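Read off the chains here:
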Amino acid sequence: MLPLLVAAATGRLAQSSVRLGSERLVGVVLASSGYPESSSSGQPINGVDAAEALPGVAVYHAGTATQDERVVTAGGRVLTVVGRGANFPDAIARAYAGVRKISFEGMQFRSDIGRKALVHQE
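Model, not experiment: these values are computed from the prediction.

Criteria and thresholds
- Residues numbered from 1 in each chain as written.
- Predicted model: local features only at pLDDT ≥ 70, side-chain atom pairs only at ≥ 80, totals over all residues.
- Heavy atoms only, no water.
- 1 Å grid on protein atoms, 1.4 Å probe; cavity = no way out; pocket = protein on both sides within 12 Å on 5 of 7 lines; lining within 4 Å.
- Points joined across faces, edges and corners; volume = space filled by probe spheres on them.
- Helix = DSSP H or I, 4+ residues; strand = E, 2+ residues; numbered from the N terminus.
- Contact = heavy atoms within 4.5 Å.
- Pairing = 2+ DSSP bridges.
- Axes fitted to C-alpha atoms, helices over the stretch in contact; angles between N-to-C directions.
- Salt bridge = Lys/Arg side-chain N within 4 Å of Asp/Glu carboxyl O.
- Buried < 20%, exposed > 50% of the residue type's maximum accessible area, 1.4 Å probe, protein only.

A. Layout of the layout of surface pockets. Considered as a void within the structure, the largest pocket measures approximately 180 Å³ in volume. Together, Val-28, Val-29, Ala-31, Tyr-35, Arg-77, Gln-108, Phe-109, Arg-110 and Ile-113 line the largest pocket. Of all the elements, strand β1 (residues 24-31) adds the most residues to the lining of the largest pocket, at three residues.

B. The side chain of Gln-43, seen in detail. With respect to the helices, strands and loops of the structure, Gln-43 is situated in strand β2 (residues 41-44). Among all residues touching Gln-43, those that are not within four sequence positions of it are Val-71, Val-72, Thr-73 and Glu-105.

C. Local environment of the sheet that holds strand β3 (residues 57-61). As summarised here, the arrangement of the three strands in space is β1-β6-β3, forming an open sheet in which the pairing is antiparallel. Two strands bound the open sheet, and with one partner strand each, they are β1 and β3. Across the sheet, the mean angle from the axis of one strand to that of its neighbour is 20°, orientation sign disregarded. Of the pairings in the sheet, the one linking β3 to strand β6 (residues 77-85) comprises five bridges and is antiparallel in character. Looking at the pairing, Ala-58 lines up with Val-82 of β6.

D. Inspection of unusual backbone geometry at higher detail. A cis amide bond links Tyr-35 with the next residue in sequence, Pro-36, at an omega value of 10°. As for its placement among the helices and strands, Pro-36 is situated in the loop between β1 and β2. At Asp-68, a position not held by glycine, the phi torsion is positive, near 50°. Within the fold, Asp-68 resides in the loop between β4 (64-67) and β5 (70-74).

E. Representation of the sheet that holds β5 within the structure. Strands sit in the order β2-β5-β4 across an open sheet of three strands; the sheet is antiparallel. The open sheet is flanked by β2 and β4, the only strands paired with a single partner. With direction set aside, neighbouring strand axes in the sheet form an average angle of 45°. Pairing of β2 with β5 involves two bridges; the strand directions are antiparallel. Bridge pairing in β5 places Pro-44 opposite Val-72.

F. Expanded view of the pattern of salt bridges. One pass over the structure, following the stated rule, counts three salt bridges. Among the salt bridges present, the one from Arg-94 reaches Asp-90, with a minimum N-O distance of 3.1 Å. Taken together, the positions of Arg-94 and Asp-90, both in helix α3 (residues 88-101) and four residues apart, correspond to about one turn of that helix. Accessibility expressed as a relative area gives 27% for Arg-94, which makes it partly exposed. Its relative accessible area of 25% is what places Asp-90 among the partly exposed residues.

Put into structure tokens, the structure is as follows:
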């Protein structure tokens, strides 16, 4: 991604090429209680390190903050857990394995992420 950003910033994007990888990625958003109408803040978040330790799992922060040296909720969309796999079923399984490692009071998420990709690949 960095080479593409540099090419765009220096006016050389037209001379660049992009190769898509064969792996599939699926991201599951973890939201705070009350989202989307409102959101709660200050809830301690547990398990991010355990989720990131799983093969093929990455966790991206959105609505988080640090309070007393702990990561806490600070918005509606708190984290996105991304699973990477050779195919969509593998990526989905990895994403939800990461989700199961994370907890905070009022945590909510959709359980159907990636299902449309499964329908379209048949």
